[in-house]
Every structure is written in structure tokens, then in C-alpha cells.
Amino acid sequence: MSIYIFSLLVGYMPNGVDNAQGYRARMLREMGYPATHIFTKLPTRRYVNRYRKAGIHVDEMLSLHQIFTDNRTLELTGRAEEKLEELRRSLGYTELRREEREIQLFRDGARIVALLLEQDSPAYFYGIHYYSQGKLVRTEYYTDGLAYVDYYVTDVSEKGAFARLARRSFLNRDGAVAYEQLFDGEREWYVFPEGRLCTKSEFIGEGVKALGLTERDTVIVDRSSQLDFVQPLFRFGRRARFIAVLHSGHFFEKGEDPRTVYLNYEYYYWFKYTALIDTMVVSTQEQKEELTEKLREYGCRVPDIAVIPAGGLDRLRYPEGERRPGSILSVSRMDPRKKIEWIVRSVIRAHDQNPGISLDIYGRGEADYTEYLQRLVEEHGARDYIRFMGRRDVTEVYKSYEVFITASLWETLGLSVMEAVGSGAAVIGLDVKYGNRVFVRPDRNGYLVDFDVRYVDGDDEPLIADMARRIVDIFQDRKRLEGFHRESYEVAGGFLQGGVAEMWRGLLGEDE
């Protein structure tokens, strides 16, 4: 059995689905299941590295664009110093300037080459820009050899002259052109040596066909609508077993989410094409029950629905010393749906009663929303106890804090909440579906704050007052708070990777 997982996205901000894919990749790897994670859009090193950091090994990734070549790897092997020596011999550059992410080469004062360095391993390079008379004309991209080449023409816009991508050549290992990609504005075509011409959607369809999926293979799809690989999968991959994973809530009451009313657009295809899906996977029993109800209400076939958490903890994490007294953290994208302003306002009010309370906010996202939050902190003179920590690996961070707080309007599971209880943090969150109700045992490891959808666009004062009261209360009794920490570890024990992996093993069956 082979497992193909669609799709690693290109061009989107990091999100919880990326992290969930990383969790699952680690579990499948430890179970000994072969899994290939597919890019349907050509990835740059930025995206390869993003998913590598999430937990997917580079040798587990495949770009559909590689399928029509004999070079299937995204691993880098080229060393920058060796390539520089080769360029010195071939180009005879007279000046070299080293920068953080590239090495620029000059001849007679004119830039002729920029060697592009791997961000996390600058001893390796992934690309080479070539210039002629100061203009970019060609870029070579490498994995363990030259993989493809971009060719540019000089064009003019309102902002002046720029290098416009006109053609891309994908190469076999011997340097021969396997096929080419042509660009004309928003349109693109793929041209093969025998003269065959494909549109973008046709190319993806050909890529799916080239996978040669059989009834012994399993396709796992993590995202659906507005992505152009879904229908080719339905059309050309139907011999394989088809599993759709629902990472987000799929149905919302009016006002429950400011961007969505009723059926979530992400799952339009899943509701419309449930007859083609073998199994749906959700993270909680509550979500399964609601999903089943809504599928029936809409007259859709109800496929097998499995409850498997979107992530699992490799182990429980304990602080080396004492947790920082009065410390609270939040971890999420900077997104209005996360309602971080509610957290900030509640902490400010709680701090008025207990000056020992502090909040660290981890994450990044929408610039306008982030600036709004920063202004809110500044206007209330709260910079001394509310800090913006940016996006970082927080795996070992949670255990230093006493309380984790979230005001997200909904979380299908909430990987950050899972990681927080796995480090023994008490939790304060809204009483919303689905994950908070799984991880928070009221008055035992934290508090669920009463929520009403009217708070989103109406008077939210009752919520702020309630959340602030909960923040103050959770720090008033040290012995009780220590009990909350022990209870969080008890909750987290049900989400260790071994148990979640067994759920996947039960769904996938033994590899033959």
C-alpha cells in the first residue's frame, strides 16, 4: 500500500493544517507506512522548508512537476563553495560580495550572478540568478542537480522595467529538456517534446494519472474547494481509497464566524461529492455527530466517519524548574477569527486587580490586525506586561507558563491547546466547539468562558468581564492551580502519538 497526501500548499500563510500534516507525517513514519506528500503547485525552497519544519521529511515530498522528469527529489546537495569555484572558472568574475542569503558576483563592476543560499543551511545553494547588462535573464534551480530553469524577458509596467517570466524548462538528470512551461499573463501552458500541449488543469490531471493509483493505494486529502487538484483526483484517482480529512468546522450558525455563514466554503466539495469519498476523518465525536446530522439534512450520502485527533503528542513535557508566576501565553495566527483583542482587553482588566499577571502573545499573521493589537496594548500602557513574541517554535515554551489562553471562535481540535495541556498548562478558553470542550475540564484544569454569537458583532462587555474574572481567579489559589496543572497532564495522556497512531493504523489497515 502506498499513501498519497494532497496537498502541500504554496502561496498561503502558515496555518494549523500545516502543523496537523506534520504531526500525521511523524506518526505514519514511525508506523512504517510509506507516505508521499504532494505539491500540485511548484514549490520554492521557502515552502519545502516550511513543511520540513512542520515535521514532513523532504524525501517524503513530491512536486507533481517532477513526475514527468527522472529527477524526483527536493533534497539539496550542491555546496556553495564548490559552485563558486566552478563559476570562477567559467565566468571569470572579479569581485565577490557575500550577503546573508546570497553571494553576488561582479565582473568589471557589473553584477553577473547571484548564488542563492539555503536559508537554514547556507553552505548549500538552491539557485543561481544570471544577469546581462544589469537585467535578470535566467535563473537555474537545483535539488541534487539542475532541476529547472526560468527564462525572463524585460517588460515595462507603470512602475518601470521588470523581468517577466516567459518560459520554464524542466530537465532530466542528463540535462535534456523533459517539458516546458510557457507563460502569457495569467495564462500558462505545458509543452511536451512530442508536441502535446496542456493547460494547467490538464497538466494536473496528467500528473494524477502518472501516479498510477490502484485499489491498494490510499489518497488522503486535507483541503478541498478552490484548489485545482480535487476534480482530477475524483476523475483519475478513483481506483484508490479516498479519505477526506476535515480540519475545520464545517457548519456555522449565523454570527458564529465573521467570514462564514452556514456551510463552510472549504467543504462544499465534500458535501457535494460524498458519494465519491470512502471515509471522512474528524477530530472529535461532537464534530462527527454534527457532520452526520448536516449531511442528512442536506440529503447527502453519509460515508464512514472516523474520529481521529488531528495531532498527537510525542511526550508530556515538564518544566525544569518553577513556572513563571502569573504567566499566561497565547499561541495562534494573528487573525481576527482568533479574537486576540478579547484576550488583550481581559488581561488588561485582570492586571488592574493583580499586577503580577503577564501575557506573551506568540504568532504572526495579518499585518493590519497585528498593528491593531499593538496599538491596543500601547493605548492602555500595557507594554510592560503584554509582549508580542512573534512566530517561533513553541514546543518547549509552554512548560514555562502557568496558563494558556485562547479566545478563538472555534477550533476543530486546537493543536496549540493540545500542546499546552501536554506541557501541564491550565487553560482558559471560550465554550465553543469543538476542541476546547475536549481539552478543558471546567474547574479541574481550567475554565470555559460562556460564549454567545452576539458578542462577535455586538456588546462584548459581558465576555470581557467574565474572562477577566476567570484570569484573576485562576491565580488566586496556588494549590488549586497546581492541581489544574496535574489535571492537564491527565487530559494530555489521551492524546499521545502512540494512541493516535493506532487509530490511523485501524483506519488504514495493515500494509500488505
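For the structure itself, look to the data block above.
Fair warning: this is a prediction, and the values are worked out from it, not measured in the lab.

J.: What should I look at first to understand the packing of aromatic side chains in this one?
T.: Taken as a whole, this structure holds 26 aromatic pairs when the rule is applied. Relative to Phe-192, the ring of Phe-68 lies with its centre 5.4 Å away and its plane at 75°, an arrangement referred to as edge-to-face. Taken as a pair, Phe-68 in the loop between β3 (61-63) and α3 (80-91) and Phe-192 in the loop between β12 (187-191) and β13 (197-199) lie far apart in primary sequence, 124 residues in all. By relative accessible area, Phe-192 is classed as buried at 6%. On the numbers, 6.4 Å between centres and 80° between planes, the contact of Phe-234 with Trp-270 is edge-to-face.

J.: Would you explain the side chain of Ser-416 in this entry?
T.: For Ser-416, the location among the structural elements is in helix α10 (residues 415-422). Ser-416 sits in the buried class, given a relative accessible area of 17%.

J.: Would you explain the sheet that holds strand β14 (residues 218-221) in this entry?
T.: Strands belonging to one sheet form pairs held by backbone hydrogen bonds; the direction of such a pair is parallel or antiparallel. The strand order β3-β2-β1-β14-β15-β18-β19 describes an open sheet built from seven strands, whose pairing is parallel. Both edges of this open sheet fall to β3 and β19 (304-307), since each of them pairs with a single strand only. Strand-to-strand twist across the sheet, computed as the mean angle between neighbouring axes with direction ignored, equals 25°. Examined bridge by bridge, strand β15 (residues 241-245) and strand β18 (residues 279-282) share three bridges and lie parallel to one another. Opposite Val-245, over in β18, you have Val-281 as the bridge partner. Along the sheet, helix α7 (residues 285-297) contacts β18 and β19; its crossing angle with β19, the most-contacted strand, is approximately 160°.

J.: What should I look at first to understand the pattern of salt bridges in this one?
T.: Note that side chains of opposite charge can pair when their charged atoms are close. Across all of its chains, the model carries 47 salt bridges by this definition. Of the charged contacts, one joins Asp-314 and Arg-317 as a salt bridge, the two residues approaching to 2.8 Å between their closest N and O atoms. Each of Asp-314, Arg-315, Arg-317, Glu-320, Glu-396 and Lys-399 takes part in salt bridges that share partners, so that together they form one network.

J.: Just to check I follow, could you spell out α10 for this structure?
T.: Count 3.6 residues to each turn of an α-helix, and residues three or four apart come out pointing the same way. The buried fraction of α10 amounts to eight of the eight residues, a majority that puts the element mostly inside the structure. Of all the positions in α10, only Leu-415, Ser-416, Val-417, Met-418, Glu-419, Ala-420, Val-421 and Gly-422 are classed as buried. In this structure, the buried side of α10 is in contact with α1 (16-31), β20 (327-331), β23 (403-405), β24 (426-430), α11 (435-439) and α14 (478-492). Gly-424, located one to two residues past α10, shows a positive phi value of around 80°.

J.: Please clarify how the nonpolar core should be interpreted in this entry.
T.: Considering soluble globular proteins, one finds that nonpolar side chains tend to be buried as a cluster. Core analysis: the biggest nonpolar cluster contains 43 residues, and Phe-6, Phe-39, Met-61 and Trp-270 have the highest contact counts within it. Dropping the residues within four chain positions of it, Phe-39 is found in contact with Leu-8, Leu-9, Val-10, Tyr-47, Val-48, Tyr-51, Met-61, Leu-62, Ser-63, Leu-64 and Leu-74. Ile-386, Trp-410, Val-456 and Val-472 belong to the second largest nonpolar core, which has 42 residues in total.

J.: What exactly am I supposed to notice about the packing of helix α8 (residues 340-353) against helix α9 (residues 367-379) here?
T.: Helix packing for two helices is described by the angle between their axes and how far apart those axes are. In contact at an axis separation of 10 Å, α8 and α9 are set at 10° when each is read in the N-to-C sense. As far as their axial angle goes, α9 and α8 are roughly parallel. Where α8 approaches α9, its residues Ile-340, Glu-341, Val-344, Arg-345 and Ile-348 are matched on the opposing element by Tyr-369, Tyr-372, Leu-373, Leu-376 and Val-377. Residue composition of the contact of α8 with α9, grouped by class: eight nonpolar, no polar and two charged.

J.: Whenever I open this one, the pairing of strand β9 (residues 146-157) confuses me. Can you help?
T.: On a regular strand, each side chain points to the face opposite its neighbour's, so the side chains alternate between the two faces of the sheet. With five bridges connecting them, strand β8 (residues 135-142) and β9 associate as antiparallel partners. Bridged to Tyr-142 within β9 is Leu-146. Where β8 hands over to β9, the hairpin turn is made up of three residues, counted between the paired strands. Sheet analysis places β9 next to strand β10 (residues 160-171), joined by ten bridges and oriented antiparallel. Its bridge partner lying in β10, Thr-154 is registered against Ala-163. Where β9 hands over to β10, the hairpin turn is made up of two residues, counted between the paired strands.

J.: Sorry, what's going on with the packing of α1 against helix α15 (residues 497-508) here?
T.: One way to put it is that α1 packs onto α15 with a least axis distance of 10 Å and a crossing angle of 75°. By the angle between their directions, the pair α1 and α15 is classed as roughly perpendicular. For the pair formed by α1 and α15, the contact residues are Tyr-23, Arg-24, Arg-26, Met-27, Leu-28, Glu-30 and Met-31 on the first element and Gln-497, Val-500, Ala-501, Trp-504, Arg-505 and Leu-508 on the second. Looking at side-chain class alone, the contact of α1 with α15 contains eight nonpolar, one polar and four charged residues.

J.: Explain the environment of Tyr-401 to me, please; I cannot follow it from the model alone.
T.: Along the chain, the position of Tyr-401 falls in the loop between β22 (386-390) and β23. Look at Tyr-401 and you get buried, because its relative accessible area is 4%. The contacts of Tyr-401, once residues within four sequence positions are left out, are Arg-323, Arg-324, Ser-327, Ile-328, Leu-329, Asp-360, Tyr-362 and Ala-425. A distance of 2.5 Å separates the side chain of Tyr-401 from the side chain of Asp-360, its partner in a polar contact.

How each quantity is defined
- Residues numbered from 1 in each chain as written.
- Predicted model: local features only at pLDDT ≥ 70, side-chain atom pairs only at ≥ 80, totals over all residues.
- Heavy atoms only, no water.
- Phe/Tyr/Trp six-rings, centres within 6.5 Å; stacked < 30°, edge-to-face > 60°.
- Helix = DSSP H or I, 4+ residues; strand = E, 2+ residues; numbered from the N terminus.
- Buried < 20%, exposed > 50% of the residue type's maximum accessible area, 1.4 Å probe, protein only.
- Pairing = 2+ DSSP bridges.
- Axes fitted to C-alpha atoms, helices over the stretch in contact; angles between N-to-C directions.
- Contact = heavy atoms within 4.5 Å.
- Salt bridge = Lys/Arg side-chain N within 4 Å of Asp/Glu carboxyl O.
- Core = buried A, V, L, I, M, F, W, Y, C linked by side-chain atoms within 4.5 Å.
- Parallel < 35°, antiparallel > 145°, perpendicular 65-115°, else oblique.
- Nonpolar A, V, L, I, M, F, W, Y, C, P; charged D, E, K, R; others polar.
- Polar contact = N/O pair within 3.5 Å; in protein donor to acceptor, adjacent residues only side chain to side chain.

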